[in-house]
Amino acid sequence: MKLTRRTTPVVLATTLALTLTACAQSDRGSGSGSSSGGDTKDTITFGAAGAPELFDPFYATDGETFRVTRQMMEGLVGIKPGTADIEPELATSWEASADGKEWTFKLREGVKFWDGEAFNAAAVCYNFERMFDQNEVAQGGPAGYWADVMGSFKTDAANALYQGCTAKDDMTAVIKILRPTSKFPTALSLDSFSMQSPKALKDGDANNVTKQGEGFGYPAYSKNPVGTGPYKLDKYDEANKTVTLVRNDAYWGEKAKTAKLVFKIIPDESTRRQELEAGSIDGYDLPNPADWKGLKDAGNDVLVRPAFNILYMGLNPAKNPKLKDLKVRQALYYALNREQLVKTQLPEGATVATQFVPETIKGYNKDLQPYAYDKAKAMSLLKEAGAEGMSLTFAYPSEVSRPYMPDPQKIYEALRTDLEAVGIKVNVVTKPWNGGYLDTVDNGGYDAWLLGWTGDYNSPDNFIGTFFGSLKTNDFHTSATSYGAQLSKDLEAADAIVDEGQRTAAYEKLNKTIMEDDLPGLAISHSPPALVVSKKLKGLVASPLTAETFSSVTVSK
Amino acid sequence: MLRFILRRLLQMVGVVVVLSLLVFLWLRSLPGGTVSAILGEKATPARRAALEKALGLDQPLYVQYWQFLKRAVQGQFGSSTGVQPGVDAMQVFVQRFPATLELSFFALLFAIAAGIPLGYMAARRRTSWFDNLSVVGSLIGVAVPVFFLAFLLKYWFAINLHWLPVSGRQDPSLDATRVTGFFVLDGLLTREYDAAWDALKHLILPSLALATIPFAVIFRITRASVLDVMDEDYVRTAESKGLTNKVIRGRHILRNALLPVVTTIGLQTGGLLVGAVLTERVFSWGGIGEAVAVAFTRRDYAVLQVCILMAAITFVVINLLVDIAYAVIDPRVRTR
């Protein structure tokens, strides 16, 4: 065939297309599109706000990753649906020694990992040793929850909370810890401490975290994890931003009711809402409280989680010496009309905080009353302290919405108006959340600021221990106060009480001391975050720890 | 011609090196950072310090930049920390670029397919109601913000009428096979025609939203350019020679009028990359635009560096292509 100038491109294009077609084969499974009979769908589609970081929960610290891995992985200790309390999961029972340093876990019989490996005491100890033995890179960042809970790693074994694991018999594992703590065993319910297949961990070189430029590189295992849960990973289609899980038919417990679970990643919130309205997703997380009513009116269910968080106004006595006077701190507290704030600026179900822990925490003191709104008292306290007309650099973050603080600016404006009403000169400062705000708070750059916390597990130590515990470095700068050292010591002592009843009583007393004698900051409110699902979706139980599981969920056609 | 292309490519290397330094310094001078993005309110000074050390962010800037250059030369650009943590930034770019190209291609197709004919017709019927209407229409196209237009489009065509999907690139339940990353092309290549059709349906709204501004610009330039050319002596000569309308329109008016339009299209392609940031975000389109938006809020230095540099390279290459296209259309450029 003679090629003319005009035909050449056509011939080339055709050849190219044919070549491409030759090597492009459809590898679509024959199973797709097959729908189970009956009146429920075989797929749940849920809108996620971000991409999961990886699928090995041990190296994750973010909710989007845990939302996915929670469906696939289980720990020794689980969480009772709808509460923050722990319940047996892969361990059927546990017991502490008298000194609280040795924990014996009876394991569940007949559990297998997806790869067929048996779950037993050897597997448990392999997992703990694997988590303990991290390289320098993983210690600095990815293994964050271990660092939080256990303090240090094998390279600094003497100071680690974890002191070793032994298999007493095939179905009994014993974990030794350095000192008694309220974190045990409740912290083992954290997703990061899920049990994974020892064989798969070994084969996938699971601990090989590397530094790649200014980020981390993860081993092959993190893309192909093996757990025991009701769902297993089918595929992560990065180009189409969807994660697909399929039912684990060999699951030890009640099998998942729906065969497939798809997480569709939609970063933009209003787009998630539109997807729900169009019926292309069955639900999504953290709808803007301003949308709750509209979503309900449109026939969806807004599932409100019991609040497991705290919004507080931090105070830094090192930056503004006037704040060293308890009377001044109390005056600020009395000046705030929090009833009004909760009613007008926070989602329904939000409550005025009486202390720095939410009600669901063991150690919450029911007898504490909120500092009532009392302008006159605030002004007289300021006068007594000689701080009338004091100025206060009070900051709030922009470009962010947190579960405990849906709209920082509006909350701030309400608080600022209250403070100005008692004659305080407020210097308004704002910075983007990740545009200097967090850094400045940590560097002690503001007199007062808005921040909060969402709990990880049911222990008061996770709240007040974090806030006021480490004397030298905490955000509240309690080292600059007269009570700081004592408070930090008391917190440590309470955490180490072995008997649960005594420990709870000690924390209740501490919460009272913190609020009445110390007042390191002003606890403002607890706000319940929510999920929204279409009326067709049934069986999802909202969890205060955002630990919802989908295995009992069905979606009607 | 070859020497011209080579020289331009060499210039590009210089541009990239200088730009890489500027981007590197600019990103690190921004308040906030990777560490705050990862730790959020859970940041304690101890955790902060440990993470900074682990990421190498505690090193002096010139050391960090030198490390960056050394790795970049070896083809390693560092792991993403926010967009797709653990994945090399260049891989993130390569994986997402087809999505942006696909979207921009269809947007440009819409813009050209509508802009040139409408511009031509408006010019031929100057001051008619059709002309006035299209001028006003194109003004609205420039003036309406992308997110608002996107909202209207989605509200009507996706939520109310259920004709088109709200967002995303493809229905995950199709379980389509991936070959090139261009979903429509993939569907055709693998003969999964339902997948190609579904991908095409997902493309319509975002490309319309993205096309409005380039459409308006192309329309107006075409109109102005045709008006100019219509008054030229050679058109009058052609008419008086008794050439057919078809020849005059095609060879004398349109071909000459298209020169500025081609330049404009080239420039608009750069603009498309900017428009893609907004459009991709509201349509949850997994392309470069969305990656840049996420990377910025999460201070994902590696991804931002790669995306900005690659965007610059793309821009330079497009300009080069435009210049070559110029030479093809206009013989006078070739002889020079």
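Residues numbered from 1 in each chain as written. Chains lettered and ligands numbered in written order. Predicted model: local features only at pLDDT ≥ 70, side-chain atom pairs only at ≥ 80, totals over all residues.

J.: Mind showing me how you'd approach the overall build of chain B here?
T.: On a plain count of helices and strands, chain B comes out with 14 helices and 0 strands. Ordered by position from the N terminus, the helices and strands of chain B form the series α-α-α-α-α-α-α-α-α-α-α-α-α-α. On the principal axes, the C-alpha backbone points of chain B span a range of 85 × 55 × 40 Å. Per-residue burial over chain B gives 43% buried out of 336 residues. Intrachain contacts of chain B at a sequence separation of at least 6 include 69% that bridge at least 24 residues. (Helix = DSSP H or I, 4+ residues; strand = E, 2+ residues; numbered from the N terminus. Buried ≥ 20, exposed ≤ 12 C-beta atoms within 10 Å, placed from the backbone. Contact = placed C-beta atoms within 7 Å.)

J.: Just checking my understanding: could you explain helix α16 (residues 500-518) of chain A for this structure?
T.: Spacing of three or four residues puts side chains on the same side of an α-helix, whose turn is 3.6 residues. Its 19 residues place the ends of α16 of chain A 25 Å apart at the C-alpha level, agreeing with the 27 Å of an ideal helix rising 1.5 Å per residue. Taken residue by residue, α16 of chain A has R503, A506, Y507, E508, L510, N511, I514, M515 and D518 of chain A as its buried positions. (Expected span 1.5 Å × (residues − 1).)

J.: Is there a simple way to explain helix α4 (residues 61-73) of chain B in this structure?
T.: Here α4 of chain B spans 18 Å end to end across 13 residues, near enough to the 18 Å set by a 1.5 Å rise per residue. Positive phi appears at G75 of chain B, one or two residues downstream of α4 of chain B, with a value of about 85°.

J.: Before we go on, may I ask you to explain the sheet that holds strand β4 (residues 91-96) of chain A in this structure?
T.: Residues and elements named next belong to chain A. With respect to topology, 4 strands assemble into an open sheet ordered β4-β5-β7-β6, the strand pairing being antiparallel. The open sheet is flanked by β4 and β6 (162-169), the only strands paired with a single partner. Geometrically, the sheet is characterised by an average inter-axis angle of 20° between neighbouring strands, direction not taken into account. The strands that helix α3 (residues 121-132) touches are β5 (102-107), β6 and β7 (172-177); relative to β6, the one it contacts most, it runs at about 165°. (Pairing = 2+ DSSP bridges. Axes fitted to C-alpha atoms, helices over the stretch in contact; angles between N-to-C directions.)

J.: What exactly am I supposed to notice about the domain arrangement of chain A here?
T.: One frequent convention defines the size of an interface as the accessible area lost when the parts assemble. Residues and elements named next belong to chain A. Split into domains, chain A comes out as domain 1 (39-73 + 229-305 + 529-557), domain 2 (76-203) and domain 3 (309-526). Taking only C-alpha atoms, the centre of domain 2 and the centre of domain 3 are 34 Å apart. Contacts between the two partners involve 15 residues from domain 2, matched on the other side by 10 residues from domain 3. Among the residues making up the side of domain 2 that touches domain 3, the classes are represented as 6 nonpolar, 5 polar and 4 charged. (Domains from an automatic or database assignment. Nonpolar A, V, L, I, M, F, W, Y, C, P; charged D, E, K, R; others polar.)

J.: Would you take a moment to explain the interface of chain B and chain A for this structure?
T.: With 64 residues of chain B in contact, the opposing surface of chain A contributes 55 residues. Looking at which element gives the most residues to the side of chain B that touches chain A, the answer is helix α3 (residues 45-55) of chain B, with 8 residues. For the side of chain B that touches chain A, a count of residues per class yields 26 nonpolar, 24 polar and 14 charged.

J.: It is not clear to me how unusual backbone geometry should be interpreted in this structure. Could you clarify?
T.: In most cases, non-glycine residues show a negative phi, while peptide bonds are predominantly trans. Residues and elements named next belong to chain A. The peptide bond linking F184 to P185 adopts the cis configuration, its omega dihedral lying at -5°. Relative to the helices and strands, P185 resides in the loop between β7 and α6 (198-203). The backbone phi angle of L286 is positive, close to 50°, even though this residue is not glycine. You can see L286 is positioned in the loop between β13 (283-285) and α8 (292-297). Even without being a glycine, E399 presents a positive backbone phi close to 55°. Along the chain, E399 turns up in the loop between β17 (391-398) and α12 (408-421). Overall, E399 belongs to the partly exposed group, with 14 C-beta atoms counted inside 10 Å.

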